[in-house]
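Here are the chains, one letter per residue:
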Amino acid sequence: MRTVPRWVLVTSGSAPVLLTGGWAISAVLTGPAYDPSTQTISVLGAYGASGFWVMNGAFLALGLCHLLTAWGLRAAAVAGRVALGGGGLAAFAVVLLPAPTSGGSLRHGAVAVIGFTLLAVWPVLAIDGDGSAPWALRPAPCVGATVVMALGGAWFLYEMTRHGAAGVAERVVTFFQSLWPFVVVTSCVPRSGRGDEGPGERP
């Protein structure tokens, strides 16, 4: 099995921390006018928002984490690594095309959908068919992760159409998407560490 360097634990583990920290601090800066249960994260990164720089800084850091994780996660199939890296690039595009202060934005919505889709399908594309593959790269967990993300996306769309708890749905699914790379890496690194040991070293 191709080895996964231990620094990937840092890049993958930082992703959910940066994302949740970004939206939490931005919401505090925005104040009571922002309702995290019904309003999306994009509102925090919109032009003129009080937490504009914090939220967009978090998006940039998140994108960089995904790119570095995709680069280092050599145990995963190439297609999955490309999709994960594409999700990171989509986070950069969200910053370049922020949501307006009011109303919608077709360009912002398009890059957000592309990013969500890439991060939803990368687990399936990353499957390692080898029977000795790390558990998080085996078919069942990978398919399960993609199904959970797809259901989360459907929940978010449902809440958007009914003007309900869209903020809650978005946070749940984006947190899971940011966390899954870390889950995969943690399943790979211990195995990689054993594989890196020389013949004269202790097991």
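Everything numeric here is computed off the predicted structure, so don't read it as measured data. (Residues numbered from 1 in each chain as written. Predicted model: local features only at pLDDT ≥ 70, side-chain atom pairs only at ≥ 80, totals over all residues. Heavy atoms only, no water.)

### Side note on the environment of alanine 150
Right, so step 1: Positionally, alanine 150 belongs in helix H6 (residues 139-161).
Right, so step 2: Look at alanine 150 and you get partly exposed, because its relative accessible area is 43%.
Right, so step 3: The spacing of alanine 150 and glycine 45 is 105 residues in sequence and 24 Å in space, taken between C-alpha atoms. (Helix = DSSP H or I, 4+ residues; strand = E, 2+ residues; numbered from the N terminus. Buried < 20%, exposed > 50% of the residue type's maximum accessible area, 1.4 Å probe, protein only.)

### Some points on the pattern of salt bridges
Right, so step 1: Across all of its chains, the model carries 1 salt bridge by this definition.
Right, so step 2: In this structure, the salt-bridge partner of glutamate 159 is arginine 162, at a minimum N-O distance of 2.8 Å.
Right, so step 3: A relative accessible area of 48% means that arginine 162 is categorised as partly exposed. (Salt bridge = Lys/Arg side-chain N within 4 Å of Asp/Glu carboxyl O.)

### Points about the packing of aromatic side chains
Right, so step 1: Under the criterion given, the structure shown has 5 aromatic pairs.
Right, so step 2: Where tyrosine 47 meets phenylalanine 52, the ring centres are 6.0 Å apart and the plane angle is 20 degrees; that geometry is what we call stacked.
Right, so step 3: On the basis of relative accessible area, tyrosine 47 is assigned to the partly exposed category, the value being 49%.
Right, so step 4: Judged by relative accessible area, which is 14%, phenylalanine 52 ranks as buried.
Right, so step 5: Here the aromatic residues Tyr47, Phe52 and Trp53 are joined through ring pairs into a cluster of three or more.
Right, so step 6: Taking NZ or CZ as reference, arginine 171 lies 5.3 Å from the ring centre of tryptophan 23, over its face. (Phe/Tyr/Trp six-rings, centres within 6.5 Å; stacked < 30°, edge-to-face > 60°. Lys NZ or Arg CZ within 6 Å of the ring centre and 35° of its normal.)

### Here's the deal with a nonpolar patch on the surface
Right, so step 1: A cluster of nonpolar side chains, namely Val124, Val143, Val147 and Leu151, defines an oily patch on the protein surface of about 320 Å² accessible area.
Right, so step 2: Looking at the nonpolar patch, the element that brings in the most residues is H6, giving 3 residues.
Right, so step 3: As for its position among the elements, leucine 151 is in helix H6.
Right, so step 4: Assessed through its relative accessible area of 58%, leucine 151 is described here as exposed. (Patch = residues over 30% accessible without salt bridge, like charges linked within 9 Å, V, L, I, M, F, W, Y side chains within 5 Å. Areas by Shrake-Rupley, 256 points an atom, 1.4 Å probe, with all protein chains shown as cover.)

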